Amino acid sequence: MNQHARLEPTPVPFIDIAAQRRRLGSAVDEAIARVTAHCQFIMGPEVRALEADLAAFCGARHAVSCASGTDALILVLMAKGVGPGDAVFCPAFTFCATAEVVALLGATPVFVDVEAATFNIDPNSLECAIATAKRLGLSPKMVIPVDLFGLPADFDVIAGIAEAEGLFLLDDAAQGFGATYKGRRIGTLAHATATSFFPAKPLGCYGDGGAVFTDDDDLAAILRSLRVHGEGTNRYDNVRIGMTGRLDTIQAAVLIEKLKIFPDEIMARNRAAECYAGALGNLVTVPRIPQDYTSVWAQYTVRLEPGARERFAAALKADGIPTAVYYPKPLNRQEAYKHFPVADGGVPVSEQLAEEVISLPMHAYLDPTTQDRIVEAVRRALGA
């Protein structure tokens, strides 16, 4: 036996759902048991309780739960009648769901560039994209800024453009629920806000789930109808074309318990982010948070010199440190979306970021010893 063989390092979790599960302990088991006891698995009492808790948390008048973050987006588009001939403005640097829902309804996603400092939609590019859509004979209908990696978009500026152009403002907060912008929580910054409760999100359930937040009573009523096949006074009175978009009661029960510890987890994520920034700020381009913003750090994403990412990721992997790349190809270059229009001037920042970004482990249970290990691995990988 080779006594000098190198032992493989214990892998570090990229997102440590198991540590959170240990913290919650019996609370989740008991919550699930209550659902299995009353057997109201669809639209049970926990769904209504969760919606009330979510609305109170972010300050929105209505929280309408649904089956996924993608459903949250498409329900709003359906409620606003988005369809063929309409232009919906989406950042090029994001997950495909933001544009997917637009295309599914026959409308046209128009891709907008992002800002290098925040990874969020660039207002100047948005104005160019609106001009592009008009030139192409499309009817500008909606803008969907994304709170990428947990940081809010610049809503004051974007809302001003939307108001001037008569656009509905839908916040894609799949990664950003729990963050704040100038003292206000996400959920109250747009006409409607969609979020995801996918397990890896800052607030995640044990399956798929999502929600829409709005202060608009009429919109909330339509959303509740659409998520149950467009029902009217009852399930057999269909007043509009809808879908099956309900949140399972068991997932609602899990989220009720997770929401109780969510504020503490947000603080822990920010402590971890501050540690990364202090330790790595002179080695890589670390994310910066604008004044009067807070992030929930869905991901901690740094930028490397072009061409350095593959070697860097391999070095960290050898040290047991996982990484991820969100997103290696902007939407305008993906096969399913490359035929859709791009803002005049293109999306050069999105294309540059796609070549440079890489994400490090980030979660609320990233203890100092583990984070020191990650930082040292990064230093070795960069030869620092």
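Let us look at the structure shown here. (Residues numbered from 1 in each chain as written. Predicted model: local features only at pLDDT ≥ 70, side-chain atom pairs only at ≥ 80, totals over all residues. Heavy atoms only, no water.)

**Some remarks on the environment of N270**
Summarising the element assignment, N270 is placed in helix α9 (residues 249–280). Note on N270: relative accessible area 22%, which makes it partly exposed. When the C-alpha positions of N270 and S295 are compared, they lie 7.5 Å apart, and in sequence the two are 25 residues distant. Among residues more than four places away in sequence, those in contact with N270 are S295 and W297. Here W297 takes part through its side chain, which lies 3.0 Å from a polar atom of the side chain of N270. (Helix = DSSP H or I, 4+ residues; strand = E, 2+ residues; numbered from the N terminus. Buried < 20%, exposed > 50% of the residue type's maximum accessible area, 1.4 Å probe, protein only. Contact = heavy atoms within 4.5 Å. Polar contact = N/O pair within 3.5 Å; in protein donor to acceptor, adjacent residues only side chain to side chain.)

**Here's the deal with the pairing of strand β11 (residues 300–303)**
Across the two faces of β11 the burial is the same, with Y300 and V302 and T301 and R303 all buried. The pairing of β11 with strand β12 (residues 357–360) spans four bridges and is antiparallel. Bridged to Y300 within β12 is L360. (Pairing = 2+ DSSP bridges.)

**Focus on the packing of aromatic side chains**
If you walk through the whole model with that rule in mind, you get 17 aromatic pairs. Geometrically, the ring pair formed by F155 and Y181 is edge-to-face, given 5.9 Å between the ring centres and 80 degrees between the ring planes. Within this pair, whereas F155 is found in helix α7 (residues 155–165), its partner Y181 is found in strand β6 (residues 180–181), the two being separated by 26 residues in sequence. Its relative accessible area of 1% is what places Y181 among the buried residues. Residues Y337 and F340 carry aromatic rings whose centres are separated by 6.3 Å and whose planes lie at 40 degrees to one another, so their mutual orientation is tilted. The exposure class of Y337 is buried, given its relative accessible area of 9%. Under the relative-accessibility criterion, F340 is labelled buried at 15%. An aromatic cluster is present here, built from F93, F119, F149, Y326 and Y327 joined pairwise through their rings. When the ring centre of F57 is taken as origin, the NZ or CZ atom of R185, which lies over that ring, is 4.1 Å away. (Phe/Tyr/Trp six-rings, centres within 6.5 Å; stacked < 30°, edge-to-face > 60°. Lys NZ or Arg CZ within 6 Å of the ring centre and 35° of its normal.)

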